[in-house]
Amino acid sequence: MLRKLYCFLFACFLLGVPAFAQTKKEGELTVLRRRTWTFKNANCAARKTCGLKWVKYTVEDYKVVIDGSDENYGTRFFAQYETDSLASIEQYAFVQFKKGCTYYSQLKDGTVVIPYGDTTPQFGKNQENKFIRWTIDSDSDDPVYSSTLGRHSRFDHYRWNTVRGSVAEETEKHYRDGPPPYPEAYIIDRPSAAFMQNGVAKNSSFHFKACIYRMRDVPLHTASDNLHFAKPISCYSWDTSFIYNHATEKFERHTEIVPACKE
């Protein structure tokens, strides 16, 4: 969820992008960093996965303006795939794994303190959004990414786009509203954004690994720590890191998960 961020200056040099001097328009998203990688399923015969042609992974760090001048910072992830036919789309599915946390911090008497953590839905219950060890990233005990309790289909929250190859929100459709006219679909993940408000910063430090499997290899129900239920066809590791430095009053990016998410 995007929230207000009261931090006008951002440590852009840490993200390898230039600073922006002009005030951005309400809701305007600026991509700060983008990474992409395409997996081509060339050696598919041995594993009987030739229905899957390719998977494209895209990760974007961004900032978005709220109320004309306030800013949020976050990361969004896209995983698109193409199959050899419309019938093959539901033969493959993503499962995502995560480690890390989101937390709040503030400066009191010259010392940084963590007054409270954050919560998230996980395997059918609401719990602290802090995972010291790798776990399956799912709202329900169905490990398929975006699956939900009371679903009609495990693909309800998968998406396709009326502009083939695009992931633009204004032209996207949900799989629950009908399958695409061509054999491509995708998922989106937008972890909690970082912001500064009334002297309290929300920070995010997570590592993720998204993998695509044959659907028949993904159990309908499992435990959150069942990390090796099947062998994936392809995986991609990505992360989000926006940690507020109360001394410099700027957000920073950390390669490793910060200590606050390891204790």
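Residues numbered from 1 in each chain as written. Predicted model: local features only at pLDDT ≥ 70, side-chain atom pairs only at ≥ 80, totals over all residues. Heavy atoms only, no water.

1. Points about the overall build of the chain
Counting secondary structure elements, the chain contains one helix and 15 strands. Looking at the chain as a whole, 51% of its 263 residues are labelled buried. For the chain, the exposed area adds up to about 12900 Å²; of that, 50% sits on carbon and sulfur atoms. (Helix = DSSP H or I, 4+ residues; strand = E, 2+ residues; numbered from the N terminus. Buried < 20%, exposed > 50% of the residue type's maximum accessible area, 1.4 Å probe, protein only. Areas by Shrake-Rupley, 256 points an atom, 1.4 Å probe, with all protein chains shown as cover.)

2. A look at the nonpolar core
Among the nonpolar cores identified, the biggest contains 36 residues, and Val-55, Tyr-57, Phe-77, Tyr-81, Phe-94, Tyr-158 and Ile-212 are the most heavily contacted of them. Those elements that place two or more of their residues in this core are β2 (52–66), β3 (70–83), β4 (92–108), β8 (130–136), β11 (184–189), β13 (200–214) and β14 (234–245). Here the element with the most residues in this core is β13; it accounts for six residues. In this structure, Leu-32, Tyr-73, Met-196 and Tyr-244 belong to the second largest nonpolar core, which totals eight residues. (Core = buried A, V, L, I, M, F, W, Y, C linked by side-chain atoms within 4.5 Å.)

3. Some remarks on the state of the cysteines
Cysteine pairs can be linked by a disulfide, which is a covalent bond between their two sulfur atoms. Under the counting rule described, the total for this entry stands at three disulfides. Bridging Cys-211 to Cys-235, the disulfide has an S-S length of 2.0 Å. An S-S torsion of about 110 degrees defines the bridge between Cys-211 and Cys-235 as right-handed. Here Cys-235 lies in strand β14 and Cys-211 lies in strand β13, a separation of 24 residues in the sequence. Sequential numbering of the bridged cysteines in the chain gives the disulfide pattern 1-2, 3-6, 4-5. (Disulfide = S-S within 2.5 Å.)

4. What about the side chain of Gln-80?
By secondary structure assignment, the location of Gln-80 is in strand β3. Exposure remark for Gln-80: the relative accessible area of 7% places this residue in the buried category. Look past the residues within four positions of Gln-80 in its chain and what remains in contact with it is Trp-54, Val-55, Lys-56, Gly-165, Ser-166, Val-167, Ala-185 and Tyr-186. (Contact = heavy atoms within 4.5 Å.)

5. Topic: unusual backbone geometry
We note that Lys-48 has phi near 55 degrees; this positive angle belongs to a residue other than glycine. Looking at the secondary structure, you find Lys-48 in the loop between β1 (29–40) and β2. In the Ramachandran plot, Ser-146 falls in the positive-phi region, its phi being about 75 degrees despite a non-glycine side chain. By the secondary structure assignment, Ser-146 is in the loop between β8 and β9 (159–161).

6. Notes on the environment of Met-215
Following the sequence through the fold, Met-215 ends up in the loop between β13 and β14. In the structure, Met-215 is positioned 124 residues away from Gln-91 in sequence and 5.0 Å away in space, judged by C-alpha atoms.

7. Some remarks on the packing of aromatic side chains
Across all of its chains, the model carries 21 aromatic pairs by this definition. An angle of 45 degrees between the planes, with centres 6.3 Å apart, marks the rings of Trp-37 and Phe-39 as tilted. Owing to a relative accessible area of 38%, Trp-37 belongs among the partly exposed residues under this scheme. Take Phe-39: its relative accessible area is 16%, and that puts it in the buried class. On the basis of an interplanar angle of 40 degrees and a centroid distance of 5.6 Å, the ring pair of Phe-155 and Tyr-175 is categorised as tilted. With Phe-155 in the loop between β8 and β9 and Tyr-175 in the loop between β10 (172–174) and β11, this residue pair connects regions lying 20 residues apart in the sequence. Of the two residues, Phe-155 and Tyr-175, both sit in the buried class. Joined through ring pairs, the aromatic side chains of Trp-37, Phe-39, Tyr-57, Phe-77, Phe-131, Phe-206, Phe-208, Tyr-236 and Trp-238 make up one cluster. (Phe/Tyr/Trp six-rings, centres within 6.5 Å; stacked < 30°, edge-to-face > 60°.)

8. Thoughts on the pairing of β2
Of all 15 residues making up β2, 12 are buried, and the element is well covered by its neighbours. In terms of strand pairing, β1 meets β2 through 11 bridges, oriented antiparallel. Considered in β2, the bridge of Thr-30 is made with Lys-63. (Pairing = 2+ DSSP bridges.)

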